[in-house]
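Structural description and commentary
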Amino acid sequence: MAITNEQVERINELARKKKAERLSEAELEEQALLRRAYLDSVKANFRSQVETIKVIDEKTGEDVTPDKLKEIQRKNGMRD
């Protein structure tokens, strides 16, 4: 799930408000939900990037990608 620019702006707005004054209960809940969505998005993007990596030994030119990663890539149709 990608997070929108508007959601990031709202996270920052709530953070600034929290520094200046108190947040209401509703705002605290909103902030927690937005932060969770942001972290989930970052984790999903990172996982997606890692799962597409192919590791090559510089000296031998051989594929030394860990077996666990190869299996994930096969499952996702990225390897034969």
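Residues numbered from 1 in each chain as written. Predicted model: local features only at pLDDT ≥ 70, side-chain atom pairs only at ≥ 80, totals over all residues. Heavy atoms only, no water.

In total, this model carries 7 salt bridges according to the counting rule given. With a closest N to O distance of 2.8 Å, E30 and R10 form a salt bridge. With a gap of 20 residues between them, E30 in helix α2 (residues 25–50) and R10 in helix α1 (residues 5–20) connect regions that are remote in the sequence. For E30, a relative accessible area of 27% translates into the label partly exposed. (Salt bridge = Lys/Arg side-chain N within 4 Å of Asp/Glu carboxyl O. Helix = DSSP H or I, 4+ residues; strand = E, 2+ residues; numbered from the N terminus. Buried < 20%, exposed > 50% of the residue type's maximum accessible area, 1.4 Å probe, protein only.)

Soluble, globular proteins show a tendency: their nonpolar side chains are buried together. Counting 6 residues, the largest nonpolar core consists of I3, I11, L14, L23, L34 and A37. Those elements that provide at least two residues to this core are α1 and α2. Among all residues touching I3, those that are not within four sequence positions of it are V8, I11, L34, A37, Y38 and S41. (Core = buried A, V, L, I, M, F, W, Y, C linked by side-chain atoms within 4.5 Å. Contact = heavy atoms within 4.5 Å.)

Those residues of helix α3 (residues 67–75) lying buried are L69, K70 and Q73. All buried residues of α3 project into a common sector of 100 degrees when viewed along the axis, lining one side. Facing away from the buried side of α3 by over 90 degrees, the exposed positions are D67, K68 and K75. In the stretch just after α3, G77 is the one whose phi turns positive, near 75 degrees. (Arc of directions from axis to C-beta.)

What follows is about the environment of Q7. As for its position among the elements, Q7 is in helix α1. Along the sequence, Q7 and L23 sit 16 residues apart, while their C-alpha atoms lie 17 Å from each other. Of the polar contacts made by the side chain of Q7, one reaches the backbone nitrogen of T4; its length is 2.8 Å. (Polar contact = N/O pair within 3.5 Å; in protein donor to acceptor, adjacent residues only side chain to side chain.)

Moving on, we come to the confidence of the model for the protein. Across the protein, the average pLDDT comes to 94, with 99% of residues at or above 70. Ranking the elements of the protein by mean pLDDT puts α3 last with 93 and α1 first with 97. (pLDDT = per-residue confidence, 0-100.)

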